[in-house]
Amino acid sequence: MATCFAPSNHSLGFTELNPNRPSYSLPFNVSLRTTTAVAAASTTLTWRPNHIPKRPVLLFSGGGGIDGGSGRNSGGGGGGGGGEGDEQGFGGNREDAFLAMAEIGRSLESLPKDFAAAIESGRIPGSIVVRYFELEKSPLLRWLLQFGGFKERLLADDLFFAKVFIECGVGMFTKTAAEYEKRRENFFKELEIVFADVVMAIIADFMLVYLPAPTVSLRPPIAVNAGSIAKFFYGCPDNAFQIALAGTSYSFLQRIGAIVRNGTKLFAVGTASSLVGTVVTNTLINARKAVDKSSADELENVPVLATSVGYGIYMAVSSNLRYQLLAGVIEQRILEPLLHQQKLMLSAICFAVRTGNTYLGSLLWVDYARWVGLQKAQELE
């Protein structure tokens, strides 16, 4: 600002400056230049901003207990997934994300469009950006990052692929062992039923890890004219117990919605996988009857529709709750905070926990199938 005063006989009543008065710094640069025609001199006063420390990166907000979001926003809007007061959190996320990219030397143009849009809108904190760059170093994981579903799950859990391998790798053996434990002497007499159970399990194992896994949502905003139900489920997390990212919170109703939505999906997966398993089993039974006429009276075809629907209900209830608790509570909230610097130990414990959960699921399925009348134990003669 420049203010010029012309010579005048009138005195101007300015407050006398106190040289001992403490100075104040302003959060912006200000240059003040005053000139007078009489003195023909200028004085320049310059304020420089104080150093602003770098914002810390916040991966998970822990307020509000299970919500994990900002305490003042816990409970969020019914369809937005994270209350309307999170602008400050989103702004901090954006700064942290751009800072992380600057440190690595990457730009938004070098990132996938959905990931770049999430960063631009402030939905992704800097720690997730750093994880993305770490995942890119592996050729296999870099290839999986091309697929939206895998990308959202790997960003939330860098051991997600290892957990898929664990679940599918041990599933066949643990389910076979559980079948033997329940059937004992009748194991070979009920071999066709055992085969159907194992086939159903292998088909469903992947989806049991995939669907309830915590995610970092990269979905674009929902359409304004979408229905109320669509908006509600859009705001629900993929795992009912997952920790919300900074600037996001989930209401109790939205977490219940996650259980309902995953239950619906797992019902469809269970019904379809059981349909395949029972059709294959009946084909084998009929082939055995054709070869061995004496076993025609002993072997019975598996009821396709009843078994498929029954297994779908089992997946929607028992498997849905067990795997959501496993991924969202045991792994993300207990094991990962304790062992996040010891990936090998974390992987080993996840292997043990998931193996036990798979074995437990097989035992529960046999009991459930016999309870509802889908399977009957054969007594030794």
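Residues numbered from 1 in each chain as written. Predicted model: local features only at pLDDT ≥ 70, side-chain atom pairs only at ≥ 80, totals over all residues. Heavy atoms only, no water.

Q: Got a minute to help me understand the environment of Asp-114 in this structure?
A: Along the chain, Asp-114 falls in helix α2 (residues 113-120). In sequence terms Asp-114 and Gly-148 are 34 residues apart; their C-alpha atoms lie 8.6 Å from each other. (Helix = DSSP H or I, 4+ residues; strand = E, 2+ residues; numbered from the N terminus.)

Q: What am I meant to see in the pattern of salt bridges here?
A: Opposite charge on two side chains permits them to pair, given that their charged atoms come into close proximity. Going through the model one piece at a time under the given rule, you end up with 11 salt bridges. When the shortest N-O distance is used, the salt bridge between Glu-331 and Lys-163 registers 3.0 Å. One end of the pair, Glu-331, is in helix α10 (residues 304-339); the other, Lys-163, is in helix α6 (residues 160-183), with 168 residues separating them in the sequence. Overall, Glu-331 belongs to the buried group, its relative accessible area being 1%. Assessed through its relative accessible area of 4%, Lys-163 is described here as buried. Across the salt bridge formed by Glu-331 and Arg-354, the nearest N and O atoms sit 2.9 Å from each other. Taken as a pair, Glu-331 in helix α10 and Arg-354 in helix α11 (residues 343-371) lie far apart in primary sequence, 23 residues in all. In this structure, a network of salt bridges that share partners links the residues Asp-157, Lys-163, Glu-167, Glu-331, Glu-336 and Arg-354. (Salt bridge = Lys/Arg side-chain N within 4 Å of Asp/Glu carboxyl O. Buried < 20%, exposed > 50% of the residue type's maximum accessible area, 1.4 Å probe, protein only.)

Q: What am I meant to see in the packing of helix α7 (residues 191-210) against α10 here?
A: Packed helices, taken two at a time, are described by the angle between their axes plus the distance between the axes. α10 packs onto α7 with a crossing angle of 40 degrees between their chain directions and a minimal axis gap of 12 Å. Classified by the angle their axes make, α7 and α10 are oblique. You can see that α7 and α10 cross each other, and the crossing is right-handed. On the side of α7, the interface is formed by Met-200, Ala-201, Ala-204 and Leu-208, while α10 contributes Tyr-311, Met-315, Ser-319 and Tyr-323. (Axes fitted to C-alpha atoms, helices over the stretch in contact; angles between N-to-C directions. Parallel < 35°, antiparallel > 145°, perpendicular 65-115°, else oblique. Left-handed = near helix turned anticlockwise from the far one by under 90°. Contact = heavy atoms within 4.5 Å.)

By themselves, these figures tell us nothing about what the structure is for.
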